[in-house]
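Results of the structural survey
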Amino acid sequence: MSSGKLLMVGAGLSGAVIGRYLAEQGYDISIVDARDHIAGNCYSKRDADTGVMVHVYGPHIFHTDDEEVWNYVNGFETFMPYKNRVKTTSGGAVYSLPVNLHTINQFYGKTMRPDEARAFIEEQADTTITEPQTFEDQALRFVGPDLYKAFFKGYTQKQWGCSPTELPASILKRLPVRFNYDDNYFFHRFQGMPENGYTVMVERILDHPNITVHLNTRFTRDQAAEYDHVFYSGPLDGWFDFDLGRLGYRTLDFERFTFDGDYQGCAVMNYGEEEVPFTRITEHKHFAPWESHEGSVCYREFSRAAEPDDIPYYPIRQVKEKELLGRYVERAAQTDGVTFVGRLGTYRYLDMDVTIREALDTARAFLDARKAGTKMPAFAVQPL
């Protein structure tokens, strides 16, 4: 077994998973977090009035094809079956997302079979766009103007605060249409929700005699000297006191309201039209369908540009941000004794399963570097 003092900055998934892995190898782990709770943005807690398990920073649905990660989370909490079935309003009607055969037939008032629908959508698509460069290009190429306007344009504009013509095609990574009646939002073979919430899961990950957690504790760079190594899951630009400028993020404002009964009949209802100011309404009791609650807790979500004191949610990663990111990455590479991890540390949007995968890989890379007597790099996964 090894020994040494390591610091995790952030008690979210990255810090918890790396900390637990290395604690099991005999390292003395300190974890600091500026917030008054563990689990980062996947923090969940019971609403005192309704008993509903609330995802405080917005819904987190666990989905993965990574069997090791799935087994890992199930080792700390029981994951209940959950399928994310998103609905959206458009033109006074409610449709299923992602766009599937039911959505297409309902939208166009038809009863097409898969092959007929495929041919029909190809007729609507703009086939003159051979190499889509923007989000709008990608959508017009694959679904045509009608479905694009109904389901993609307004929502995307509200979410990112700019025209879809300014966003890269890569945001629409997959063909945004299914030619069957599958309305499961995710493709992954393992999907579920923690029976008692994510906070309980992270508590159990952190429950090790070699781990000490300090909440309401702001990290300052001079603390790093007290440790053999730091794993930093805070904002990359924050490590350098934002001295080259701030990387751009979108943040979310949540407007909470309660309802006696069932407000919308589903967990997530999107509002794709530009004139509706919020992007969606989430009803949190539907994220735990194995529970039963009379009252309901709902949130309207509004997206906007993050200010310095806001919680950064979505890295923007457009040309200007990538140029600044490149300069910070260069600086980080010259910095000894710290590895930047997670969503904020690498300025990438990461699902929970990828965060855990990278945390496990980072912990193993650290052990390998120690064994080989080599330097642990600033990034186990390159941000660019």
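Here we summarise the structure given alongside this text.

Quick notes on the rules
Residues numbered from 1 in each chain as written. Predicted model: local features only at pLDDT ≥ 70, side-chain atom pairs only at ≥ 80, totals over all residues. Heavy atoms only, no water. Axes fitted to C-alpha atoms, helices over the stretch in contact; angles between N-to-C directions. Helix = DSSP H or I, 4+ residues; strand = E, 2+ residues; numbered from the N terminus. Parallel < 35°, antiparallel > 145°, perpendicular 65-115°, else oblique. Contact = heavy atoms within 4.5 Å. Nonpolar A, V, L, I, M, F, W, Y, C, P; charged D, E, K, R; others polar. Phe/Tyr/Trp six-rings, centres within 6.5 Å; stacked < 30°, edge-to-face > 60°. Buried < 20%, exposed > 50% of the residue type's maximum accessible area, 1.4 Å probe, protein only. Pairing = 2+ DSSP bridges. Core = buried A, V, L, I, M, F, W, Y, C linked by side-chain atoms within 4.5 Å.

**Here's the deal with the packing of helix 3 (residues 101-108) against helix 5 (residues 135-160)**
The axes of two packed helices give the description: the angle between them and the distance between them. Remark: helix 3 packs on helix 5, axes separated minimally by 12 Å, with the N-to-C direction vectors making an angle of 105°. In terms of orientation, helix 3 and helix 5 fall into the roughly perpendicular class. Contacts between helix 3 and helix 5 involve Thr103, Ile104, Phe107 and Tyr108 from the former and Asp146, Leu147, Ala150 and Phe151 from the latter. Classifying every residue of the contact of helix 3 with helix 5 gives 6 nonpolar, 1 polar and 1 charged.

**Focus: the packing of aromatic side chains**
Throughout the structure, instances matching the rule amount to 33 aromatic pairs. When the ring of Tyr27 is compared with that of Phe366, the centres are 5.6 Å apart and the planes differ by 65°; the resulting orientation is edge-to-face. With a gap of 339 residues between them, Tyr27 in the loop between helix 1 (13-23) and strand 2 (28-32) and Phe366 in helix 10 (residues 352-372) connect regions that are remote in the sequence. In this pair, the class of Tyr27 matches that of Phe366, namely buried.

**Points about the pairing of strand 12 (residues 249-260)**
The two faces of the sheet receive side chains in turn, since in a regular strand these alternate between them. Where strand 12 meets strand 16 (residues 314-315), 2 bridges bridge the pair, whose relative direction is antiparallel. Pairing of Tyr249 across the sheet is with Pro315, part of strand 16. By the bridge criterion, 11 bridges tie strand 12 to strand 15 (residues 295-305) in an arrangement that is antiparallel. Considered in strand 15, the bridge of Asp260 is made with Gly295.

**Overview of the sheet that holds strand 7 (residues 86-90)**
Strand order across the open sheet formed by 7 strands is 8-7-13-14-15-12-16, with mixed pairing between neighbours. Of all the strands in the sheet, the pair left with one neighbour each is strand 8 (93-97) and strand 16.

**Points about the nonpolar core**
Formed by 78 residues in total, the largest nonpolar core has its most connected members in Leu22, Ile29, Phe62, Ile104, Met201, Phe231 and Ile356. Ranked by residue count, the leading element in this core is helix 5, at 10 residues. Excluding anything up to four places from it in sequence, Phe62 contacts Val69, Trp70, Val73, Phe79, Phe190, Gln191, Gly192, Tyr198, Met352, Asp353 and Ile356. Membership of the second largest hydrophobic core comes to 24 residues, among which are Val9, Phe219, Tyr227 and Phe340.

**Re the sheet that holds strand 2**
Note on sheets: strands pair through backbone hydrogen bonds, and any given pair is parallel or antiparallel. Taking strand neighbours across the sheet as the criterion, the 5 strands line up as 10-2-1-11-17 in an open arrangement whose pairing is parallel. Across the chains shown, the open sheet's two edge strands, defined by having one partner strand only, are strand 10 (211-214) and strand 17 (338-340). Within the sheet, the average angular offset between the axes of one strand and its neighbour, ignoring direction, is 20°. Here strand 1 (residues 5-9) runs beside strand 11 (residues 229-232); their pairing, made up of 4 bridges, is parallel. Bridge pairing links Leu7 to Val230 in strand 11. With respect to the sheet, helix 10 is in contact with strand 1, strand 11 and strand 17, its orientation differing from that of strand 11 by roughly 160°.

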